[in-house]
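Fold and geometry: a report
For reference, the chains in residue letters:
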Amino acid sequence: MATKPSKTATAAPATTRNAPPKTRRGSAGPNQWEYAPAPESTKIVHLRERYEHYIGGEWTKPSAKGYFDTVSPSSLEVLAKVAQGSAKDVDRAVAAARAAFDGDWSRRSGAERGRFLFRIARILQERAREFAVLETMDGGKAIKESRDIDVPLAAAHFFYYAGWADKLEYAFPGRRARPLGVAAQVIPWNFPLLMLAWKVAPALAAGNTVVLKPAETTPLTALLFCEVLEQAGLPAGVVNIVTGDGTTGAALVEHPGVDKVAFTGSTAVGKRIARAVAGTDKKVTLELGGKAANIVFDDAPIDAAVEGIVNGIFFNQGHVCCAGSRLFVQESAFDAVIAKLKRRMDTLRVGDPLDKNTDVGAINSNAQLQRITELVAAGSAEGAEIWQPSGELPARGYYFKPTIFTGVSQSHRIAQEEIFGPVLSVLTFRTPDEAIEKANNTPYGLSAGVWTDKGSRILSMVDRLRAGVVWANTFNRFDPTSPFGGYKESGYGREGGLHGLAPYLNFDGRR
Amino acid sequence: MATTKKPASRTAAAPARLGVPKTYKLFIGGKFPRSESGRSYEVVDLRGEFLANASLASRKDARDAVAAARKAVKGWSGATAYNRGQVLYRIAEVLDGRRDQFVAELVSLGATQRSAVAQVDAAIGTWIFHAGFSDKYAQVLGSANPVAAPYFNFSLPEPTGVVAIVAPQDAGWSLRGLAATIAPAIVSGNAVVVVAHETNPLSAISFAEVLATSDVPAGVVNILTGSAAELAPHLASHMDVNAVDLAGVDDSTLAIDLEVRAAENLKRVVRPRTLPAAHVGTLDEIQQFTELKTVWHPIGV
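Going along each chain's sequence as written, the residues are numbered from 1 onward. Chain labels run from A onward and ligand labels from 1 onward, assigned in the order the entries are written. Note on the predicted model: pLDDT of at least 70 is required for a residue's local features to be given, and 80 or more for side-chain atom pairs to be given and counted; whole-chain, interface and lining totals, by contrast, use all residues. Computation of side-chain values covers all heavy atoms of the structure but excludes hydrogens and water.

Quick notes on the overall build of chain A
The following threshold applies: In DSSP terms, a helix is any run of H or I states spanning at least four residues, a strand is any run of E spanning at least two, and both are numbered starting from the N terminus. Atoms considered for the radius of gyration are the C-alpha atoms alone. The globule rule reads 2.2 Å times the number of residues to the power 0.38. Think of it in three bands: with a 1.4 Å probe and only protein chains considered, a residue is buried below 20% of the maximum accessible area for its type, exposed above 50%, and partly exposed in between. Residue-level accessible areas treat just the shown protein chains as cover; the underlying method is Shrake-Rupley with a 1.4 Å probe. Asp and Glu count as negative and Lys and Arg as positive, but His and the ends of the chain are not part of the count. All charge positions are set by atom: Lys at NZ, Arg at CZ, Asp at CG, Glu at CD.
A tally of regular secondary structure across chain A gives 17 helices and 20 strands. Computed over C-alpha atoms, the radius of gyration of chain A comes to 24 Å, within 12% of the 24 Å expected from 2.2 N^0.38 for 511 residues, which places it in the range of a compact globule. Projected onto its principal axes, the C-alpha positions of chain A cover 80 × 55 × 35 Å. Across the 511 residues of chain A, 60% fall into the buried class. When the accessible surface of chain A is summed, it comes to about 19,100 Å², and 52% of that surface belongs to carbon and sulfur atoms. Counting 61 positive and 54 negative side-chain charges, chain A places the averaged centre of each group 3 Å from the other.

Given below as structure tokens:
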């Protein structure tokens, strides 16, 4: 090739990029494949009209602020009224957790704690369908995900940590591990039951008691979980659930009676928590935002990579802190990858999350839908090129089409800010060094993906990516044995695996 | 040749030798600059007698030190663990070779001969402890994770990046406090910016001479002398610092202020603490400046 490329040579790829993919057939989109509706029945779920806090094993009326509605983001129906927690409610819950910690719970052996956790795991498995349906009703995620991922993984987390409860001396040889006391846990709305499991299971295995605040928009599976606790016979006060908004969460993490704070949520709130605990003895783990790079080399198995890209960003409507929201494609593979990606996106079924054929469900709340809409508008305004599959969105409910932006540059808001929706920013690179440079150019560091057939390149990329989880030739895989957590502004501490135990323990003697 | 002659006593006859006092400067990026601010402060012995003018580092010096540290991270963290271990061992060797000098310096500042010797020896021991840990901590802290699907999954600790340290300020820790805080940070590949013992910064700068001759790459350790209360807030709010070790922050109001500042980019914070007299080092101290990375890869043909 000549050193100076001719005009036509440079212009050629640009035209191909703008052209519609050749492989697109007819009126693409969900209409391409007609399916009869296959909604999961909601009859299995029996909701109360109103839920109070679960404190000391009792349903407890909120002290002051009354109740708020929790709404299905797909049907927009009010599912139930839920208590708004005040500082006084939090105080009661912390007192109940402290009493349980000082009382019954601390007298239980590790083996007994483990048995309670095993029971909880089993009951979750027994009632899996009920939890899956309720999760989808309250949060809007596709039933096939709540059924196949959220609920089974939540049960698996309890099963995994159950086994650690009487084996702490193997986890930390030569040291006596002691529980911290009362753990304050605040969880997000994207994986409500699963995040509960990530928090509660290791806390109890280590011998702590818990006050947990579920997210404002998705409190119901946590409240249903209280029935599981009762069926499992867990002593009163070991797990307490206080519902409410951000003020309830703030009151909980700032409460002087808690020894441990575990938070999953936004980086902005994570920073507030880090400030609030300054000067205290509280141990903290923060699992915060992300803007993961998913890097595709030209030697990657393209079909597998496209599945990984789709799973990386459209899984759970993109409401995933570790979502592969920045796609980096090697320039030489750009046309092929984007054409296949668009074709694949055309087959994604967006709609009723309770329908078993649905791939992409409802956006969790109107507020989140507004945020996604605003950032997508910013993407277009800043000059990136938007593409969405054809097909209609349901008339009712909060939905957003799977969206990709090409022609994105590093400085665009859609390349910098966490969108937390089904929106993918596509960037390109030429060399591995450039990919690393761009991928690491973010304050976040939660996760990353690499797609290439070359083993030594995988290991070199894995080594240089500044992220807590790196998926090579796969994406968005989770397992109770696998530690999860971020670098930099994605937070600190790990959840899952052996490494998820230590944040809930103090040690006699130094290691 | 074979005659053994006692050296003539110089002190008796000759007038007292006019010594050549050392200029104590900062240690940034492998060089020994004065503070860009041109400021200095007096270091005195127990009786209040003048010993030296130490550089009073400024905010700009702190920024320069962070830049030097950031530049050093890639090479140092990319070095093999074996190599880092040998470099740390070399620090102990060179320190040991200059043992008398460090003892004399500590004595000039008021330490007893015995405590000075004990401190220097403790510092040497701490460096050797960490030299031997460089290629082991990852084996203890890492794991292979048996996930319930056909994936190979493992977790490994990696250095967090740039660590800012306020060295212990207790009496008897001016030298060994540096070892106790620097070694666990750099053994894994971090680069550090250290605010030295404020009233006895001399050991820190003499120690920098050890570092400069021990194959420690430039910028891996940067030492500032001056006021912790002045420098630490800048380091705690610096957006290119990944972690802070507040070991020597005795003022609890300052400690809270620093932790609040550190939250701005979610620095890892190690809160103020008193190190036990028998301290050599712990795996926990190494772990607190590492990040755990978990890697997944499918298993298939």
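The discussion continues.
Considerations on the sheet that holds strand S18 (residues 469–472) of chain A
Note the following rule: By this definition, two strands are paired if DSSP reports at least two bridges between them. When checking whether two residues touch, look at their non-hydrogen atoms; a contact exists if any pair is within 4.5 Å. Each axis is a line fitted through C-alpha atoms, and for a helix only the stretch in contact is used; angles between axes span 0 to 180 degrees, taken between their N-to-C directions.
As summarised here, the arrangement of the 10 strands in space is S14(A)-S15(A)-S16(A)-S13(A)-S12(A)-S17(A)-S18(A)-S10(B)-S4(B)-S3(B), forming an open sheet in which the pairing is mixed. Every other strand in the sheet has two partners, leaving strand S14 (385–387) of chain A together with strand S3 (143–144) of chain B as the edge strands with one partner each. Looking at chain direction, strand S12 (residues 293–296) of chain A and strand S17 (residues 447–451) of chain A are connected through four bridges and run parallel. The residue of S17(A) that forms the bridge with Asn294(A) is Gly449(A). Across the sheet, helix H14 (residues 366–381) of chain A lies against S14, strand S15 (403–406) and strand S16 (423–429) of chain A, angled at about 25° from S15(A), the strand it touches most.

What about the nonpolar core?
The criterion, for reference: Side-chain atoms within 4.5 Å are what join buried Ala, Val, Leu, Ile, Met, Phe, Trp, Tyr and Cys residues into a set we call a nonpolar core.
In this structure, Leu124(A), Phe158(A), Leu196(A), Phe225(A) and Leu341(A) are the most contacted members of the largest nonpolar core, which totals 115 residues. Apart from the residues within four sequence positions on either side, Leu341(A) is in contact with Val306(A), Ile309(A), Val310(A), Leu327(A), Ile404(A) and Leu424(A). Listed in part, the 87 residues of the second largest apolar core include Ala68(B), Leu109(B), Tyr137(B) and Val193(B).

As for the packing of aromatic side chains
Residue and element names in this part refer to chain A. Heads up, the condition is: Here the aromatic set is Phe, Tyr and Trp, taking the six-membered ring for Trp, and pairing holds for ring centres within 6.5 Å; pairs whose planes are under 30 degrees apart are stacked, those over 60 apart are edge-to-face, and all others are tilted. Placement of a positive charge over a ring is assigned whenever Lys NZ or Arg CZ falls within 6 Å of the ring centre and within 35 degrees of the normal to the ring plane.
This model, assessed by the stated rule, comprises 21 aromatic pairs over all chains. A ring pair is formed by Phe191 and Phe315, whose centres lie 5.7 Å apart and whose planes are at 35°; its orientation type is tilted. Placement of the pair is Phe191 in the loop between strand S7 (182–186) and helix H8 (192–205) and Phe315 in the loop between helix H12 (302–314) and strand S13 (326–330), with a sequence separation of 124 residues. Judged by relative accessible area, Phe191 falls into the buried class, the value being 6%. For Phe315, a relative accessible area of 4% corresponds to the buried category. Between the aromatic rings of Trp198 and Phe484, the centroid separation amounts to 5.2 Å while the plane-to-plane angle is 65°, which identifies the pairing as edge-to-face. With Trp198 in helix H8 and Phe484 in the loop between S18 and strand S19 (491–492), this pair connects stretches of sequence that are 286 residues apart. Accessibility assignment for this pair places Trp198 and Phe484 in one class, buried. Connected via pairs of aromatic rings, a cluster forms that spans Phe191, Trp198, Phe315, Trp471, Phe475, Phe478 and Phe484. The side chain of Arg175 reaches across the aromatic face of Phe507, ending 3.9 Å from its centre. Positioned above the aromatic ring of Tyr504, the side-chain terminus of Lys260 is 4.8 Å from the ring centre.

Concerning the pattern of salt bridges
When their charged atoms lie close together, side chains carrying opposite charge are able to pair. What counts here: In the sections that follow, a salt bridge refers to a side-chain nitrogen of Lys or Arg positioned within 4 Å of a carboxyl oxygen of Asp or Glu.
Summed over the entire model, instances satisfying the criterion amount to 41 salt bridges over all chains. Between Glu158(B) and Lys293(B) there is a salt bridge, with the nearest N and O atoms lying 3.0 Å from each other. Highlighted residues: Glu158(B) in strand S4 (residues 151–159) and Lys293(B) in strand S10 (residues 290–298), separated in sequence by 135 residues. Residues Glu158(B) and Lys293(B) agree in their burial class; the two are buried. Put simply, Arg371(A), Glu374(A), Arg413(A) and Glu417(A) are held in one network by salt bridges that share partners.

Quick notes on the domain arrangement of chain A
All names here are of chain A. Our working rule: Where each domain starts and ends follows an automatic or database-derived domain assignment. Simply put, the buried area is the total loss of 1.4 Å probe accessible area from both parts when two parts are fitted together. N or O atoms within 3.5 Å of each other form a polar contact, as long as, within protein, one can give a hydrogen and the other can take it, and as long as residues adjacent in sequence are counted only when both atoms are side-chain atoms.
Per the domain assignment, the segments of chain A are domain 1 (50–288 + 488–508) and domain 2 (290–472). Relative placement of domain 1 and domain 2: their C-alpha centres are 30 Å apart. At the interface, 28 residues of domain 1 touch 32 residues of domain 2. Approximately 2,500 Å² of surface area, both sides summed, lies buried where domain 1 meets domain 2, with 55% of it carried by carbon and sulfur atoms. Joining domain 1 to domain 2, the criterion identifies one salt bridge. At the junction of domain 1 with domain 2, the criterion picks out 16 residue pairs in polar contact (both at pLDDT 80 or more).

Quick word on the interface of chain A and chain B
A common way to express how large an interface is: the accessible area buried when the components associate. Contacts between chain A and chain B engage 44 residues on the former and 42 residues on the latter. Taken over both partners, the interface formed by chain A and chain B buries close to 3,300 Å², and the fraction arising from carbon and sulfur atoms is 51%. A salt bridge links Arg175(A) to Asp284(B); its shortest N-O distance comes to 2.9 Å. At the boundary of chain A with chain B, the tally comes to 28 residue pairs in polar contact (both at pLDDT 80 or more). At the level of secondary structure, the elements contributing two or more residues to the side of chain A that touches chain B comprise helix H11 (267–276), helix H17 (455–464), S18 and S19 of chain A.

Thoughts on the environment of Trp127(B)
Residue and element names in this part refer to chain B. Within the fold, Trp127 resides in helix H5 (residues 113–131). Put simply, Trp127 and Ala183 are 56 residues apart on the chain and 6.4 Å apart in space, counted from C-alpha to C-alpha. Aside from chain neighbours lying at most four places away, what touches Trp127 is Leu88, Ile91, Ala92, Leu95, Ala179, Ile182, Ala183, Ile186 and Phe207.

Here's the deal with the packing of H8(A) against helix H9 (residues 220–232) of chain A
All names here are of chain A. Under the convention used in this document: Should an angle fall under 35 degrees it is taken as roughly parallel, and over 145 as roughly antiparallel, whereas 65 to 115 is taken as roughly perpendicular and any remaining angle as oblique. We call a crossing left-handed when the near helix sits turned anticlockwise from the far one by less than a right angle, and right-handed when that turn is clockwise. Side-chain classes are defined by residue name, with Ala, Val, Leu, Ile, Met, Phe, Trp, Tyr, Cys and Pro counting as nonpolar, Asp, Glu, Lys and Arg as charged, and the others, Gly among them, as polar.
The geometry of H8 relative to H9 is characterised by a closest axis approach of 8 Å and an angle of 55° between their N-to-C directions. In terms of axis orientation, H8 runs oblique to H9. For the crossing formed where H8 meets H9, the hand is right-handed. The segment H8 lies against H9, with Pro192, Leu193 and Leu196 engaging Thr221, Ala222 and Phe225. Classifying every residue of the contact of H8 with H9 gives five nonpolar, one polar and no charged.

Considering unusual backbone geometry
Residues and elements named next belong to chain A. A positive phi angle, near 55°, is found at Asn316, a position not held by glycine. Positionally, Asn316 belongs in the loop between H12 and S13. Take Asn316: its relative accessible area is 2%, and that puts it in the buried class. Positive phi outside glycine occurs at Gln317, with the angle close to 55°. Tracing the backbone through its elements, the reader meets Gln317 in the loop between H12 and S13. Classification of Gln317 by relative accessible area gives buried; the value is 0%.

Quick word on the sheet that holds strand S5 (residues 78–83) of chain A
All names here are of chain A. In spatial order, the strands read S1-S5-S4; together these three strands make up an open sheet with mixed pairing. A single partner strand is all that each edge strand has here, and the edge strands are strand S1 (50–51) and strand S4 (67–71). Relative to S5, S1 runs parallel, the two sharing two bridges. Paired with Tyr51 across the bridge in S5 is Val82. Across the face of the sheet, H9 comes into contact with S1, S4 and S5 while running at roughly 70° to S5.

Concerning the side chain of Gln84(A)
Residues and elements named next belong to chain A. Mapped onto the fold, Gln84 is located in the loop between S5 and helix H2 (87–102). There is a polar contact of 3.1 Å between the side chain of Gln84 and the side chain of Thr248. In contact with Gln84, other than residues within four places in its own chain, are His53, Pro62, Lys65, Gly66, Tyr67, Phe68, Asp89, Thr243, Gly244, Asp245, Thr247 and Thr248.

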